[in-house]
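# Results of the structural survey
The residues making up each chain are set out below.
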Amino acid sequence: MRLALPRWAGPLAVRAAVFITVMCCGLAALLGVLVHVSVTNRTVGQARDVALSRLREATESYEAGDPLRRGAGVDPPGLPRQLRELAVSGRRGTMVAEYAGRPTMWAAGPADGGRALAVRVDHSQGRATIDGLDGTLVWASALAIGATLLVGAFAVTRVTRRLHTTARVARRISAGDLDARVGDPRAQDPTRPQDEVASVAAALDSMASSLQGKLLAEQRFTADVAHELRTPLTGLHAAAELLPPGRPTELVRDRVAALRTLTEDLLEISRLESGRERPATEPEELGALARRVVRGSGTDTRVDVVRDAWVETDRRRLERVLGNLVANAHRHGRAPVVLTVEGAVITVRDHGDGYPEYLLAHGPQRFRTEGGTKGHGLGLTIALGQAEVLGARLEFTNPPDGGALARLTLPQQP
């Protein structure tokens, strides 16, 4: 079972904590070794000096024929073999070894007859001093590492929280919430020291403000153009109705109707992009609604109701979405076109060449054409916008066996 970390405790915080811990452990180990070696050398050196001093006194007593003091003797039991061989060879030396279960400092030198004169000094206090120091170093290092880790983690998590906030705002902006801002306190207060996170937050807020201004200007331009076109188009439509019957009249009326449809689509897109559209929901039976949409489209579309369902939705907007999907399937795909209802999921599939790659990657785009000859125009853009107002999810895919598939998933109600 994996430990669930807070959202702000991402890889950066974990790596920083691991780095701080490793560095603290390495520094504590280095300092501990240096202190241990220094104190051990000093303690052992003091014990060695005492042992050599007593060896000199024992040597003088032995050469003078006086009795040796306690702890001194010729070839005493317990003398380490290496030290005895060194003394028999004519040299003096010292060595720490265990004697009667206690640490002992031995000093030995040559004696007559190929023997060794040695003294022993109890080294228990020196060993206890070293052991006590090692224990103190371990506890002090653990406390220092813990304190450093807590302080470092606090500092790192403050940065990661701010980075997480910045990333969350960036995701909100990419999802269409152009009012989202980081509002980092450091970026808003020029008297405070500015760090890299504050610079990123300020740049993101500036980018969001610039993007929002440009999109609002574009939306206003689209709405203004559509509104301005309405009046002359109404006049053109009235004038076209007065023309005498004939092929030229039909062409004029057809183009005027196309312009009126384009203008209404632009107005609808402008309203959808404003973010002020709200659905008027009421219970609807999806199977009956799908059949009604197909009848209204006047196309040869098959309706398959695998599992009918009642949902709370805006009938007008849902009919608009399905009507645009069906019309697009017939305009840019090939028969048969099938509209399938399976619970709260409605799919529209044709058997043409499928959606272009740019649409699958980035979604519908206004006036985007494919190959310079055909495009999906505004229909899919409106369908996607109306689906968002309904709280539904509209996805576009190309099935492995060919064709194009649009899947509309309506929100589930209890």
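Within each chain, residue numbers correspond to sequence positions counted from 1 in written order. Only residues with pLDDT of 70 or above have their local features reported here, since the model is predicted, and side-chain atom pairs are shown and tallied only from 80 upward, although totals for entire chains, interfaces and linings are computed over all residues. With hydrogens and water stripped out, all remaining heavy atoms of the structure feed into the side-chain values.

The name an unreviewed UniProt entry gives the chain is histidine kinase, with Streptomyces tendae as the organism. UniProt positions are given in the numbering used here, feature names are shortened, and annotations may be inferred rather than shown by experiment. Turning to the chain, the UniProt annotation filed under Catalytic activity (unreviewed entry) states: "ATP + protein L-histidine = ADP + protein N-phospho-L-histidine." Quoted verbatim from the Subcellular location (unreviewed entry) heading of the UniProt record, the comment on the chain is "Cell membrane".

The positions UniProt marks with the feature "domain: HAMP" (unreviewed entry) are residues 157-216. For residues 157-216, helix accounts for 72% and strand for 0%, while the C-alpha atoms at its two ends are 37 Å apart. A run of H or I in DSSP counts as a helix once it spans at least four residues, and a run of E counts as a strand once it spans at least two, with each numbered from the N terminus.

Here we take up the sheet that holds strand S6 (residues 301-307). Any two strands with at least two DSSP bridges between them are considered paired. As summarised here, the arrangement of the five strands in space is S6-S8-S9-S13-S12, forming an open sheet in which the pairing is mixed. At either end of the open sheet lies a strand with only one pairing partner, and these are S6 and strand S12 (393-397). Here the strands of the sheet are splayed against their neighbours by 15° on average, with no regard to which way each runs. One ladder, built from six bridges, connects strand S9 (residues 345-350) with strand S13 (residues 404-409); its direction is antiparallel. Here an angle of 0 to 180 degrees is reported between the N-to-C directions of two axes, which are lines fitted to C-alpha atoms, with helices fitted over the stretch in contact.

Domain extents, as shown, originate in an automatic or database domain assignment. Here the chain is partitioned into domain 1 (12-148), domain 2 (209-273) and domain 3 (282-409). Relative to domain 2, the C-alpha centre of domain 1 lies at a distance of 99 Å.

Summary of the burial criterion: residues with accessible area below 20% of their type's maximum are buried, those above 50% are exposed, and those between are partly exposed, where the area comes from a 1.4 Å probe applied to protein chains only. Here S12 shows a clear split, with Leu 394 and Phe 396 buried on one side and none of Arg 393, Glu 395 and Thr 397 buried on the other. Summarising the sheet, S12 and S13 pair through five bridges and their orientation is antiparallel. Within S13, the residue paired with Glu 395 across the bridge is Arg 407. From the end of S12 to the start of S13, which pair antiparallel, there are six residues, and Gly 402 there has a positive phi angle of about 100°.

This paragraph deals with the pattern of salt bridges. Salt bridge, as used here, is a side-chain nitrogen of Lys or Arg placed within 4 Å of a carboxyl oxygen of Asp or Glu. As enumerated under the stated definition, the model contains 16 salt bridges in all. Here Arg 69 ties to Glu 57 by a salt bridge, and the two come within 3.0 Å at their closest N and O atoms. Of this pair, Arg 69 sits in the loop between helix H1 (11-64) and strand S1 (72-74) while Glu 57 sits in helix H1, and the two are twelve residues apart along the sequence. The residue Asp 401 makes a salt bridge to Arg 349 at a minimum N-O spacing of 2.7 Å. With Asp 401 in the loop between S12 and S13 and Arg 349 in strand S9, this residue pair connects regions lying 52 residues apart in the sequence. You can call Asp 401 exposed: its relative accessible area is 61%. Members of the salt-bridge network, linked through shared partners, are Glu 284, Arg 292, Arg 315 and Glu 319.

This brings us to the packing of aromatic side chains. Two aromatic rings from Phe, Tyr or Trp, using only the six-membered ring of Trp, form a pair when their centres are within 6.5 Å; if the ring planes differ by under 30 degrees the pair is stacked, by over 60 it is edge-to-face, and anything between is tilted. Taken as a whole and assessed by the stated rule, the structure comprises two aromatic pairs. An angle of 85° between the planes, with centres 5.6 Å apart, marks the rings of Tyr 99 and Trp 106 as edge-to-face. Note on Trp 106: relative accessible area 0%, which makes it buried. Ring geometry for Tyr 355 versus Phe 396: centroids 5.3 Å apart, planes at 80°, classification edge-to-face. Separated by 41 residues along the polypeptide, Tyr 355 in the loop between S9 and helix H9 (357-362) and Phe 396 in strand S12 bring together distant segments of the chain. Relative accessible area serves as the criterion here: at 11%, Phe 396 is assigned to the buried category.

Below, the discussion takes up the sheet that holds strand S3 (residues 102-111). The antiparallel open sheet is built from four strands, whose spatial order is S1-S4-S3-S2. If you trace the sheet from one side to the other, it starts and ends with S1 and strand S2 (93-99), each paired once. For this sheet, the mean angle separating the axes of adjacent strands, direction not counted, is 30°. Two elements, S2 and S3, share seven bridges in a ladder whose sense is antiparallel. Bridging from a neighbouring strand, Val 96 pairs with Met 105 of S3.

Before going further, it helps to spend a moment on the nonpolar core. Nonpolar core, defined: a set of buried Ala, Val, Leu, Ile, Met, Phe, Trp, Tyr and Cys residues in which side-chain atoms within 4.5 Å join the residues together. One finds Leu 325, Leu 408 and Leu 410 to be the most contacted residues of the largest nonpolar core, which totals 33 residues. Those elements that provide at least two residues to this core are helix H7 (286-297), helix H8 (315-332), strand S8 (337-342), S9, H9, helix H10 (379-390), S12 and S13. In terms of residue count, H8 provides more of this core than any other element does, six residues in total. Here, residues are in contact when the closest pair of their heavy atoms is within 4.5 Å. Beyond its immediate chain neighbours, meaning those up to four positions away, Leu 325 contacts Val 348, Leu 380, Ala 383, Leu 394, Phe 396 and Ala 406. Core analysis: the next-biggest nonpolar cluster, separate from the first, contains eleven residues, Val 44, Ala 107, Ala 111 and Leu 117 among them.

Our next topic: helix H3 (residues 124-174). By this rule, a helix spans an expected 1.5 Å times one less than how many residues it contains. Between its terminal C-alpha atoms H3 stretches 72 Å, which fits the 75 Å expected from 51 residues at 1.5 Å a residue. Following H3 by one or two positions, Gly 176 adopts a phi angle in the positive range, close to 110°.

At a closest axis distance of 9 Å, the pairing of H8 and H10 adopts a crossing angle of 150°. With respect to each other, H8 and H10 are oriented roughly antiparallel. In the packing of H8 onto H10, the handedness of the crossing is left-handed. Across from Arg 317, Leu 318, Arg 320, Val 321, Asn 324, Leu 325 and Asn 328 in H8, the residues of H10 making contact are Gly 379, Leu 380, Ile 382, Ala 383, Gln 386, Ala 387, Val 389 and Leu 390. Small angles under 35 degrees read as roughly parallel and large ones over 145 as roughly antiparallel, with 65 to 115 read as roughly perpendicular and the rest as oblique. Each crossing is labelled by how the near helix is turned from the far one, with a counterclockwise turn of less than a right angle marking it left-handed and a clockwise turn marking it right-handed.

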